[in-house]
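Each chain, letter by letter, is given below.
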Amino acid sequence: MTTRIKTIGRDEYIASIRLLQDSESCRFANQALAWWDRHFSWRAQGCDVLVGPSDEPLSYIFSKIDHYSEYLTVYNLFTPLGEQRNGYAHELLRLTMENACKRHVRRITFSSVSASLDFYIGIGFIFWGINTIGDYHCDLPIPKEGLSGMEKMTDNGDLKMLIGKQIEKIYAKVSNNEIKLTPTQLLRYQKDRLKLGSKCRFEALSALKG
């Protein structure tokens, strides 16, 4: 199926998510709307949607490239329940990173909830640890090949290359946050760490920071 990215504004986004059928997709879509309303201007930056041949929405991403083209920050990426497991989120992220590469953006950063870890580690991302609310923090260079080069880079790249000049920033984001977890959060964190294995580099980051 032929797909493409379409940028939509607030009114079109609201009209689009009104068509969602399941409560979980509606909840997430409305949370993303409320977060964007609080933090950014829709006039400056809308939502990018992966659409099919008839302009049907397949997956949504809220992201932003900073003024200096240093970072692509992904704030929300979601696929409605009825369209999941078709590779749409992967394709939307691939196209978003491809656009960032064309603009010579150097790094990508985002936070992942526990439930999304399988998706991200499956396409090559690694994490440095958890942030203050217990989400998993990613901050990596964007390979010249875009998303297709991510797994090779994280598997073969040395730690200093992956961190670049961001060690203070990354370490401040993830240091000592596990001690702040509730018992329920700690249990989930321990399970996630087993799942992540070498895909979480907190210990290596801490050793490098000294």
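A short tour of the structure in this document, coming up. (Residues numbered from 1 in each chain as written. Predicted model: local features only at pLDDT ≥ 70, side-chain atom pairs only at ≥ 80, totals over all residues. Heavy atoms only, no water.)

1. Structural notes on the overall build of the protein
Item 1. Secondary structure summary: the protein contains nine helices and seven strands in total.
Item 2. Relative to the 2.2 N^0.38 estimate, which gives 17 Å for 210 residues, the radius of gyration of the protein is 17 Å and therefore close to what a compact globule would have.
Item 3. Across the 210 residues that make up the protein, the buried fraction comes to 48%.
Item 4. Here the analysis covers contacts within the protein between residues at least 6 apart in sequence; of these, 66% occur between residues at least 24 apart.
Item 5. Summed over its atoms, the accessible surface of the protein is roughly 11,400 Å², and 51% of this surface lies on carbon and sulfur atoms.
Item 6. One way to put it: in the protein the 28 positive side-chain charges average out to a point 4 Å from where the 24 negative ones average out. (Helix = DSSP H or I, 4+ residues; strand = E, 2+ residues; numbered from the N terminus. Rg over C-alpha atoms; globule rule 2.2 N^0.38 Å. Buried < 20%, exposed > 50% of the residue type's maximum accessible area, 1.4 Å probe, protein only. Contact = heavy atoms within 4.5 Å. Areas by Shrake-Rupley, 256 points an atom, 1.4 Å probe, with all protein chains shown as cover. Lys, Arg positive; Asp, Glu negative; His and termini not counted. Charge placed at Lys NZ, Arg CZ, Asp CG, Glu CD.)

2. Focus on the side chain of Asp 135
Item 1. For Asp 135, the position within the fold is in the loop between β6 (129-130) and β7 (136-141).
Item 2. Among buried Asp, Glu, Lys and Arg side chains, Asp 135 stands out as unpaired, with Arg 188 the closest opposite charge at 5.3 Å.
Item 3. Non-local contacts of Asp 135, meaning those with residues more than four positions away in its chain, are made with Ser 111, Ser 112, Val 113, Gly 129 and Ile 130. (Salt bridge = Lys/Arg side-chain N within 4 Å of Asp/Glu carboxyl O.)

3. Some words on the sheet that holds strand β2 (residues 47-51)
Item 1. In spatial order, the strands read β1-β2-β3-β4-β5-β7-β6; together these seven strands make up an open sheet with mixed pairing. Of all strands in the sheet, those bounded by a partner on one side alone are β1 (4-8) and β6.
Item 2. Inspection of the sheet shows β2 paired to strand β3 (residues 57-65) by four bridges, in the antiparallel sense. Within β3, the position partnered with Asp 48 by the bridge is Ile 61.
Item 3. Contacts from helix α1 (residues 10-17) reach β1, β2, β3 and β4 (71-78), with the element oriented near 145 degrees to β3.
Item 4. Sheet strands touched by helix α7 (residues 167-174): β4, β5 (107-112), β6 and β7. Its angle to β7, the strand with the most contacts, is close to 170 degrees. (Pairing = 2+ DSSP bridges. Axes fitted to C-alpha atoms, helices over the stretch in contact; angles between N-to-C directions.)

4. So, the packing of α1 against helix α2 (residues 23-39)
Item 1. Where α1 meets α2, the axes come as close as 10 Å, and the angle between the chain directions of the two elements is 165 degrees. Our classification of the angle between α1 and α2 gives roughly antiparallel. For the pair α1 and α2, the sense of crossing is left-handed. On α2, the residues touching Arg 10, Tyr 13, Ile 14 and Ile 17 of α1 are Ala 29, Asn 30, Ala 32, Leu 33 and Asp 37.
Item 2. The class makeup of the residues in the contact of α1 with α2 is six nonpolar, one polar and two charged. (Parallel < 35°, antiparallel > 145°, perpendicular 65-115°, else oblique. Left-handed = near helix turned anticlockwise from the far one by under 90°. Nonpolar A, V, L, I, M, F, W, Y, C, P; charged D, E, K, R; others polar.)

5. Side note on the nonpolar core
Item 1. Residues Leu 93, Ile 108, Phe 125 and Trp 128 are the most contacted members of the largest nonpolar core, which totals 45 residues.
Item 2. No other element matches helix α3 (residues 88-102), which puts seven residues into this core. (Core = buried A, V, L, I, M, F, W, Y, C linked by side-chain atoms within 4.5 Å.)

6. Describing helix α8 (residues 183-196)
Item 1. In a regular helix each residue adds 1.5 Å, so 14 residues correspond to 20 Å; α8 covers 20 Å between its end C-alpha atoms and thus fits that length.
Item 2. Buried within α8 we find Tyr 189, Asp 192, Arg 193 and Leu 196. Buried residues along α8 cover an arc of 100 degrees about the axis, so they all sit on one side. Among the exposed residues of α8, those oriented more than 90 degrees off its buried face are Pro 183, Thr 184, Lys 191 and Leu 194.
Item 3. Buried-residue contacts for α8 involve α4 (117-122), β6, β7 and α9 (202-209).
Item 4. One or two positions beyond α8, positive phi appears at Gly 197, with a value near 55 degrees. (Expected span 1.5 Å × (residues − 1). Arc of directions from axis to C-beta.)

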